[in-house]
Amino acid sequence: MKGYGKILDKLLLGVGLVLLVLLWVQFPAEPMKDLHIYNAYTTGAGNDAISKESFLRPSKELSPHQVMRIQLRALQQNDRNDSGVITIFNFSSPVNKMHLGPINHFRLLVREPAYRPMLNFKTYKSGKMVITDNTAYQIVVIAGQDGIETAYLFILAKQKRGPYKDCWMTEGVARMEPEPETRLI
C-alpha cells in the first residue's frame, strides 16, 4: 500500500505542475502593453462601427475636473450604442475594472435601479471637488428624466503605475442615500 501512496503523490505533483505551467502561459505575470484595448470595445450595434465616444480615454493631460466633465457629458448623452457607458468604462481604473467585470456586465450594472438615473439625465449640479494627494472626491446631484434628484459620490484616483500612470481615473461611484428623518419625542 505504501508503494501506491508514493505513486499517487508523484502523479498528483505532476498534474499540479502541468496545471501551474498552463496557468502561467495563460496569464502572464505582467500585462503586455499591446494588449490594452480598453478603448476598442464595440458598441454592440450589430455592426463593427465604433462610436466616437468610445475613443475617449484617460490622458495625463486631463485634470480631475476635466475627467468629471467628460464622464458626466458621456452619461448625459449616452446613445443606444452605449457610447457614454463605454466612455465611463474606459475611465474606470484597472482596480475598479476588476470589481466591475467585463464591459457587458458593466452595461447591466449601470441599468440597475441605483444607477439608472445617471443615464441620459436632464441636468446636474456638482459640489466642490476635494483633492487630497492622489485622490479626488466630488458629489454630483443628478436630475433624472423623471425630474427626481439623486446624489452620487465620485471617487477619482491618480494612477501610480502601469499604462495609465499619472492619469486620473474613477475608483468608484456611490449613490448617496438621503438621511432618514428623525423625530423628537
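Residues numbered from 1 in each chain as written. Predicted model: local features only at pLDDT ≥ 70, side-chain atom pairs only at ≥ 80, totals over all residues. Heavy atoms only, no water.

Caption draft 1: Inspection of the packing of aromatic side chains at higher detail. Counted under the stated rule, the structure contains 3 aromatic pairs. Ring geometry for F89 and F106: centres 5.4 Å apart, planes at 45°, overall tilted. With F89 in helix α3 (residues 83-90) and F106 in helix α5 (residues 103-109), this pair connects stretches of sequence that are 17 residues apart. Aromatic pair F121 and Y124: ring centres 5.8 Å apart, planes at 90°, arrangement edge-to-face. The exposure class assigned to Y124 is partly exposed, which follows from its relative accessible area of 34%. (Phe/Tyr/Trp six-rings, centres within 6.5 Å; stacked < 30°, edge-to-face > 60°. Helix = DSSP H or I, 4+ residues; strand = E, 2+ residues; numbered from the N terminus. Buried < 20%, exposed > 50% of the residue type's maximum accessible area, 1.4 Å probe, protein only.)

Caption draft 2: Quick peek at the pairing of strand β3 (residues 135-143). Sheet analysis places strand β1 (residues 123-126) next to β3, joined by 4 bridges and oriented antiparallel. Across the sheet, residue Y124 finds its bridge partner in β3, namely I142. Here 3 bridges tie strand β2 (residues 130-132) to β3, and the two strands are oriented antiparallel to one another. Across the sheet, T132 pairs through a bridge with T135, a residue of β3. Here β2 hands over to β3 after 2 residues, with D133 in that stretch at a positive phi of 50°. (Pairing = 2+ DSSP bridges.)

Caption draft 3: Looking closely at unusual backbone geometry. Residues other than glycine seldom take positive phi values, yet N120 does so here, at roughly 55°. Along the chain, N120 turns up in the loop between α5 and β1. N120 sits in the partly exposed class, given a relative accessible area of 28%. Unusually for a residue other than glycine, D133 sits at a positive phi of about 50°. Here D133 lies in the loop between β2 and β3. With a relative accessible area of 75%, D133 lands in the exposed category.

Caption draft 4: Main features of the confidence of the model for the chain. In the predicted model, the chain carries a mean pLDDT of 82, and 75% of its residues have values of at least 70. Note on residues 29-54: pLDDT is under 50 here. Beyond four places in sequence and across chains, it has 35 contacts. (pLDDT = per-residue confidence, 0-100. Contact = heavy atoms within 4.5 Å.)

Caption draft 5: Region of interest: the packing of helix α2 (residues 64-76) against α3. Orientation of α2 relative to α3, taken along the N-to-C sense of each, is 155°, at an axis distance of 7 Å. The angle between the axes of α2 and α3 places the two elements in the roughly antiparallel class. Crossing angle aside, the handedness with which α2 passes α3 is left-handed. From α2, I70, Q71, A74 and L75 reach across to α3, where they touch G84, T87 and I88. The class makeup of the residues in the contact of α2 with α3 is 4 nonpolar, 3 polar and no charged. (Axes fitted to C-alpha atoms, helices over the stretch in contact; angles between N-to-C directions. Parallel < 35°, antiparallel > 145°, perpendicular 65-115°, else oblique. Left-handed = near helix turned anticlockwise from the far one by under 90°. Nonpolar A, V, L, I, M, F, W, Y, C, P; charged D, E, K, R; others polar.)

Caption draft 6: Spotlight on the side chain of S92. Topologically, S92 is positioned in the loop between α3 and α4 (94-100). Note on S92: relative accessible area 2%, which makes it buried. There is a polar contact of 3.2 Å between the side chain of S92 and the backbone oxygen of I88. Once residues within four sequence positions are removed from consideration, S92 is found in contact with K97, L100, M169 and T170. (Polar contact = N/O pair within 3.5 Å; in protein donor to acceptor, adjacent residues only side chain to side chain.)

Caption draft 7: Fine view of the environment of E61. If you trace the backbone, E61 turns up in the loop between α1 (2-26) and α2. As for E61 and D166, which are separated by 105 residues in sequence, their C-alpha atoms are 8.9 Å apart. A polar side-chain atom of E61 sits 2.5 Å from a polar atom in the side chain of S59.

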